[in-house]
Amino acid sequence: MVREQRLDPEVEGLWEDFHAQVNVPSEQLRQWLLTRGSGEESFGADPDLDLPQPGRAILRVLTKRKVDLTPEDIEVMQDAVDRIQSLMDAKPPRGNSDDEWRHSLLDLGHDVLVER
């Protein structure tokens, strides 16, 4: 029988917050980042390696299990939660129809049009 490894309660809480805030499925986020970064000078020879940051780091965390998190992953999760919350707190007067604001959130894996 395999025993589940216990994580720090703060990391557990951050994991939950991260997955609540990052509400775009990993494949959809990957496609968005490829679209977002698809300029003439945006990609090198291997587009998967040149996805824009911080989305690339967020995407990497989305593919992991809780027990496989590294200290760097925990930093990425905290940064993503903080950035998303900051953008949500600064919602522009046009709200969801403000493309620049919405795209900034999508770059972080959060879609304001997704109902919870």
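The rules we used
Residues numbered from 1 in each chain as written. Predicted model: local features only at pLDDT ≥ 70, side-chain atom pairs only at ≥ 80, totals over all residues. Heavy atoms only, no water. Buried < 20%, exposed > 50% of the residue type's maximum accessible area, 1.4 Å probe, protein only. Helix = DSSP H or I, 4+ residues; strand = E, 2+ residues; numbered from the N terminus. Arc of directions from axis to C-beta. Polar contact = N/O pair within 3.5 Å; in protein donor to acceptor, adjacent residues only side chain to side chain. Salt bridge = Lys/Arg side-chain N within 4 Å of Asp/Glu carboxyl O. Core = buried A, V, L, I, M, F, W, Y, C linked by side-chain atoms within 4.5 Å. Contact = heavy atoms within 4.5 Å. Expected span 1.5 Å × (residues − 1).

*Asks:* Where do I start with helix 5 (residues 99-106) in this structure?
*Replies:* Along an α-helix, a turn takes 3.6 residues, which lines up residues three or four apart on a common side. Those residues of helix 5 that fall on the buried side of the exposure criterion are Trp101, Arg102, Leu105 and Leu106. Looking down the long axis of helix 5, one finds its buried residues gathered within 140° of arc, a one-sided arrangement. A side-chain oxygen of the first residue of helix 5 lies 3.2 Å from the backbone nitrogen of Glu100; this N-cap is Asp98.

*Asks:* So what exactly am I meant to see when it comes to the pattern of salt bridges here?
*Replies:* Close approach of charged atoms allows side chains with opposite charge to pair. This structure, assessed with the given rule, holds seven salt bridges. We note a salt bridge from Asp68 to Arg65, for which the minimum N-O separation is 2.9 Å. Residue classification places Asp68 among the partly exposed positions, given a relative accessible area of 37%. Given a relative accessible area of 54%, Arg65 falls into the exposed group. A salt bridge links Asp111 to Arg102, with the shortest nitrogen-to-oxygen separation between them at 3.1 Å. Asp111 sits in the buried class, given a relative accessible area of 8%. What you see here is one network of salt bridges that share partners, running through Arg60, Lys64 and Asp73.

*Asks:* Got a minute to help me understand the nonpolar core in this structure?
*Replies:* Note that soluble globular proteins tend to have their nonpolar side chains buried in a common cluster. Membership of the largest hydrophobic core comes to 27 residues, with the highest contact counts inside it found for Phe18, Leu29, Ile58 and Met77. Among the elements of the structure, helix 1 (9-21), helix 2 (26-36), helix 3 (55-62), helix 4 (71-89) and helix 5 are those that each provide at least two residues to this core. If near-sequence neighbours (up to four positions away) are discounted, Met77 is found in contact with Leu14, Trp15, Phe18, Val61 and Leu69.

*Asks:* Looking at this model, I keep getting lost on helix 4. Mind explaining?
*Replies:* The first and last C-alpha atoms of helix 4 sit 27 Å apart over 19 residues, in line with the 27 Å expected at 1.5 Å per residue. Next to the buried residues of helix 4 lie helix 1, helix 3 and helix 5.

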